[in-house]
Amino acid sequence: MAFCAGAGATNVDLLYKGFPRLPKLGEELYCDEFSLQLGGGLPATLINLGRLGVSARIATELGKDMFSEFAKSKFRENGVEPVNLYDGEKIPLNITSAIILPADRTFFTYGKGSIDPSDAAKEAFYRMATGAKVVLMHPGGFLPVYRRLKAEGTKLVLDTGWDDELSFSKYGAYLELADYYTPNRKEAMQITGASSPEAAAEQLRAYFDRVVVKVDKDGCIGIDGGEQFFVPSVDEFQNEDSTGAGDAFLAGFVYGLMHDCPLRQCIAYGNITGGKAVTAVGALSAYVTEAELQAYYGKYYR
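Because the structure is predicted, anything quoted here is derived from the model rather than measured. Along each chain, residue indices are assigned from 1 in the same order as the chain's sequence is written. For a predicted model such as this one, the threshold for reporting local features is a pLDDT of at least 70, and the threshold for listing and counting side-chain atom pairs is 80 or more; totals across whole chains, interfaces and linings nevertheless cover every residue. Side-chain measures were taken over the full set of non-hydrogen atoms in the model, leaving aside hydrogen atoms and water.

Participant: So what exactly am I meant to see when it comes to the overall build of the chain here?
Facilitator: Put simply, DSSP marks the helices as runs of H or I at least four residues long and the strands as runs of E at least two long, and each gets a number from the N terminus on. Within the chain one finds ten helices and 13 strands. For the radius of gyration, the atoms used are the C-alpha atoms, and the globule rule reads 2.2 Å times the number of residues raised to 0.38. Its C-alpha atoms give the chain a radius of gyration of 19 Å, within 12% of the compact-globule value 19 Å for 302 residues. Along the three orthogonal principal directions, the C-alpha set of the chain runs to about 60 × 45 × 40 Å.

Participant: When you look at the sheet that holds strand 11 (residues 210–215) in this model, what are you seeing that I'm missing?
Facilitator: Pairing between the strands of a sheet is mediated by backbone hydrogen bonds and can be parallel or antiparallel. Strand order in the open sheet formed by three strands is 11-12-13, with antiparallel pairing between adjacent strands. One side of each edge strand has no neighbouring strand; the edge strands of this open sheet are strand 11 and strand 13 (227–232). With strand direction ignored, the average angle separating the axes of adjacent strands in the sheet is 20°. Of the strand pairs in this sheet, strand 12 (residues 219–224) and strand 13 are connected by six bridges, and their pairing is antiparallel. Counted as the bridge partner of Gly222 is Phe229 from strand 13. Should any heavy atoms of two residues lie within 4.5 Å, those residues are counted as being in contact. Axis definition: a line fitted to C-alpha atoms, limited for helices to the stretch in contact. Angles are taken between N-to-C directions and run from 0 to 180 degrees. Sheet strands touched by helix 9 (residues 263–277): strand 11, strand 12 and strand 13. Its angle to strand 13, the strand with the most contacts, is close to 25°. In short, DSSP must find at least two bridges between two strands for them to pair.

Participant: Looking at this structure, how should I read the sheet that holds strand 6 (residues 94–100)?
Facilitator: If you walk across this open sheet you meet the four strands as 3-2-6-7, and the pairing is mixed. Here the strands that pair on one side only, and so sit at the sheet edges, are strand 3 (33–38) and strand 7 (105–110). The average angle at which neighbouring strand axes cross in this sheet is 15°, direction not considered. The sheet contact formed by strand 2 (residues 11–17) and strand 6 spans seven bridges and is parallel.

What follows is the structure, encoded as structure tokens:
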């Protein structure tokens, strides 16, 4: 059975909503809503793929603590099989308290951000990902594994996220390996130095036969076979919280790749999954099933 895989740190979010303001030092305020969820990033993309019926695997660091147990249960509940890369005694996850205010958000996070893998961890990820149809790339210590998988015919999809130092010189090794790169407008313009997302997409053709540039709430630019086109977003999705939108877009996009769909259709799927994700607070609160994905596609894109 075809499957998708990736390696990355697991994030757990404690979401607080309903505060009128941030408390001052020494104050205590009560909020109206609270939820405990897995956070964004590569794990969220894999969970959204699992919810779409795609077989998914993640190599990540999990400990013996309550948050790791929560994460393991949520992965498996959503069709993602975790492979543990950690054997220490600490809490190896990133744990974020997110304060959702009416006009903005603020975050407090415990953790180290990303995984710094040992040779044993790299080998464990490679064994787990061998035979995958698509592997999600994450900048970090797994570059040698991506090279081995690429040589074996695995499709590689890169999402760098934002970095103040985003550049071809810093990420060139990943861009040269990736079959697809999925930046948003800001990331695409930063890495190319272009003055518009359309111009950035054209510059990315130097690296990719098929180009993707997300244009936030409006939709997504694509280039396939020399033709630049635009796939609009779904109007009915109303933004409640943009956390996890990019991760969800990537899930829809990869769903299309897993089913050998044309680029324009992969992007349309990404617009649906990304658009639905913003309709509730949290990276994984709102999502579509495979049947709902196809229904939205038939309604808006056929």
